[in-house]
Amino acid sequence: MTGRWLNVALAVYVGLIFTFIFAPIIFSLIFSFNSQRFPTIPLGEFSTEWYVKIFNDPDVWTAVRNSLIVSSSTAVLATLLGFCTAYTDFRYNFRFKGPYLALILLPPTIPLIIMALAMLAWLSRIGMSGQLWSIILAHSVMTAPFAMAIIRLRLHQMDPDLEAAAWNLGGNEWQAMRHVIVPFCTPAIVSALCLTAAVSFDEFAVAWFVSGLNKTVPIVILEIVQGNIDPTVNAIGTFVFLTSMTLVILAQLLFISRQIKSHS
């Protein structure tokens, strides 16, 4: 009975946590179809007015284009960096390996405002501030540790003798990488691409500091809500949430499905 009540208490606790996290998002989704300008209950009539408004707003489309360019470029660059770092950890043993890994995993632990100021100062010094590439480089630094963690976990599930066997069978290092390492890591690589793209698509603080006039979707949302209440922000927020959740869920499904197949 004690174990049963403990399970019930844990289930209730988890349910409350998820309710606390997702309730604002669900209400934002509901209010995005509300005909009334102000989010009040009872709701007004069902309406797609706010979606039509953002659909016809060229600034929103420009921001969506910028966000897609930034997130896709960041995903490729961060995943490449993460793969190289994870493979270095998997294949080689060298002095100061612990500090090396700690340095790679450092960016997510730095407060975003500090990271944003540091990136702005550095990019300004090398003459690259205020460009889309500025956001891509900054986001790649932020998200590469996530890609490294996913790919590193996958590599540590691999028998290290497989690569050596490929060498013994006549393959060089690049052939072993192409035909052994990369195929084995493909689910983790795709998961890393999806996850880093989702993180980049949502990120605001660093993008706001280094973007200049190249606004992304989170920056446009901030400009909309400054000084007034505009229900279009609910529609844009719903779009951002669905995009990010789709990428995250896809990453999880790809990674978990491959793990299940490898154990079966």
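Up top is the structure these notes are about.
The present account deals with the structure reproduced in this document. As the structure is a prediction and not an experimental result, all values here were calculated from the model.

On a plain count of helices and strands, the protein chain comes out with 11 helices and 0 strands. When the helices and strands of the protein chain are listed from N to C terminus, the series reads α-α-α-α-α-α-α-α-α-α-α. In the protein chain, buried positions account for 34% of the 264 residues. Expressed as a percentage of contacts within the protein chain between residues at least 6 apart in sequence, the contacts between residues at least 24 apart total 70%.

Before going further, it helps to examine unusual backbone geometry. At Phe 96, a position not held by glycine, the phi torsion is positive, near 65°. Positionally, Phe 96 belongs in the loop between helix H3 (58-91) and helix H4 (97-104).

Okay, the pattern of salt bridges next. Applying the stated criterion to the full structure yields 2 salt bridges. One salt bridge in this structure joins Arg 152 and Asp 89, with 2.5 Å as the shortest N-O distance. In this pair, Arg 152 is assigned in helix H6 (residues 132-155) and Asp 89 in helix H3, connecting sequence segments 63 residues apart. Relative accessible area serves as the criterion here: at 5%, Asp 89 is assigned to the buried category.

So, on to the nonpolar core. Formed by 16 residues in total, the largest nonpolar core has its most connected members in Phe 83, Tyr 87, Ile 151, Leu 155, Ile 181 and Cys 185. Those elements giving two or more residues to this core turn out to be H3, H6 and helix H8 (173-202). Looking at this core element by element, the count peaks at 6 residues for H8. With sequence-adjacent residues up to four places away left out, Leu 155 is seen in contact with Ala 86, Tyr 87, Phe 90, Ile 181 and Cys 185.

Cut-offs and rules
- Residues numbered from 1 in each chain as written.
- Predicted model: local features only at pLDDT ≥ 70, side-chain atom pairs only at ≥ 80, totals over all residues.
- Heavy atoms only, no water.
- Helix = DSSP H or I, 4+ residues; strand = E, 2+ residues; numbered from the N terminus.
- Buried < 20%, exposed > 50% of the residue type's maximum accessible area, 1.4 Å probe, protein only.
- Contact = heavy atoms within 4.5 Å.
- Salt bridge = Lys/Arg side-chain N within 4 Å of Asp/Glu carboxyl O.
- Core = buried A, V, L, I, M, F, W, Y, C linked by side-chain atoms within 4.5 Å.

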